[in-house]
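Survey of secondary and tertiary structure
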Amino acid sequence: MTINDFFSYGEKVDGYSVRVLNEREARAAAGILFAFGLIGLFNSVTLGHMIFTKVFISFFAFDFFWRVAKPRYSPSLLLGRLFVRNQTPEYVGAVQKRFAWLIGFALAIPMVYVMVIDPHPSIFKIPVCILCLVLLFLESAFSICVGCTVYGWIAKEPVTLCPGDVCEIRHKDPIQMFTPLQKIIAGLSVLGIIVALYLYFTQLENRTFLAEKFSQASMSEQEIDARDLKKQEDEFNAPDDDF
């Protein structure tokens, strides 16, 4: 390895005019981070346990620092390589991936401060966590790199080698199209997911103040009044321990 190779970003692969990264490793790494991030979020919101979340956020920031500086030393990317090492690499442009990971690093820095260095209540904690999880999920499940798309909008020159070849202008194959019946099935599936999430946030018991606020925000005034009335009735009908 030469000095230029060490300070350059991405890997040089024969047959490609730009430096590249392995999208399969990136997707695997995103799935790993998504799984642990989801565990941390649920521990914090529903149980009030912050230790796991603090460790994860610290690791997330450290990992994305190396993704931006030198991805070959990123812990999560190396873990991803461990799982997909026997699969054919899918090469994507390194420059747009670096921009996307820079966004993740920028989101991680304030989270480290407000949750690890100086823990204190902050209105943007949960939204930022959810945003990071959504971005990780989109990349791991669908190979959708939102940051790469944003980079394509602002780049002065045409971007090449995007995940899933979304940079290329091409016609969709028949297998990518929806029939009317398939559209109905997909629409009902989306509706079912929305209903399930609504029931989850409105029907399950909340154990933290933040979870209570989330639940209340998704309920109608009639549902809130009915819930408060039921609580009053339960308190009135509860046995008196003084006798």
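Residues numbered from 1 in each chain as written. Predicted model: local features only at pLDDT ≥ 70, side-chain atom pairs only at ≥ 80, totals over all residues. Heavy atoms only, no water.

All told, the structure shown has 1 disulfide when counted by the stated rule. Two residues, C145 and C148, share a disulfide whose sulfurs are 2.2 Å apart. Disulfide C145-C148: torsion about the S-S bond near 70 degrees, hence right-handed. For the pair shown, C145 and C148 are each scored as buried. Considering cysteine sulfurs only, C132 is the nearest to C129, which forms no disulfide, with 6.7 Å between them. The class for C132 is buried, based on a relative accessible area of 14%. (Disulfide = S-S within 2.5 Å. Buried < 20%, exposed > 50% of the residue type's maximum accessible area, 1.4 Å probe, protein only.)

It is at 11 Å that the axes of helix α5 (residues 94–117) and helix α6 (residues 125–142) come closest, and there the two elements cross at 150 degrees. Here α6 runs roughly antiparallel to α5, going by the angle between their axes. Of the two elements, α5 crosses α6, and the hand of that crossing is left-handed. The residues of α6 that touch α5, namely those facing K97, W101, L107, M111, V114 and M115, are K125, V128, C129, L131, C132 and E139. In the contact of α5 with α6, the residues fall into 9 nonpolar, no polar and 3 charged. (Axes fitted to C-alpha atoms, helices over the stretch in contact; angles between N-to-C directions. Helix = DSSP H or I, 4+ residues; strand = E, 2+ residues; numbered from the N terminus. Parallel < 35°, antiparallel > 145°, perpendicular 65-115°, else oblique. Left-handed = near helix turned anticlockwise from the far one by under 90°. Contact = heavy atoms within 4.5 Å. Nonpolar A, V, L, I, M, F, W, Y, C, P; charged D, E, K, R; others polar.)

Moving on: helix α2 (residues 23–47). The end-to-end C-alpha distance of α2 is 35 Å, a good match for the 36 Å that 25 residues give at a rise of 1.5 Å each. A side-chain oxygen of the first residue of α2 lies 3.1 Å from the backbone nitrogen of R24; this N-cap is N22. One or two steps after α2, the chain reaches G48, where phi turns positive at roughly 75 degrees. (Expected span 1.5 Å × (residues − 1). Polar contact = N/O pair within 3.5 Å; in protein donor to acceptor, adjacent residues only side chain to side chain.)

Here S143, not a glycine, exhibits a phi torsion of approximately 60 degrees, which is positive. With respect to the secondary-structure elements, S143 resides in the loop between α6 and α7 (146–154). The exposure class assigned to S143 is buried, which follows from its relative accessible area of 13%.

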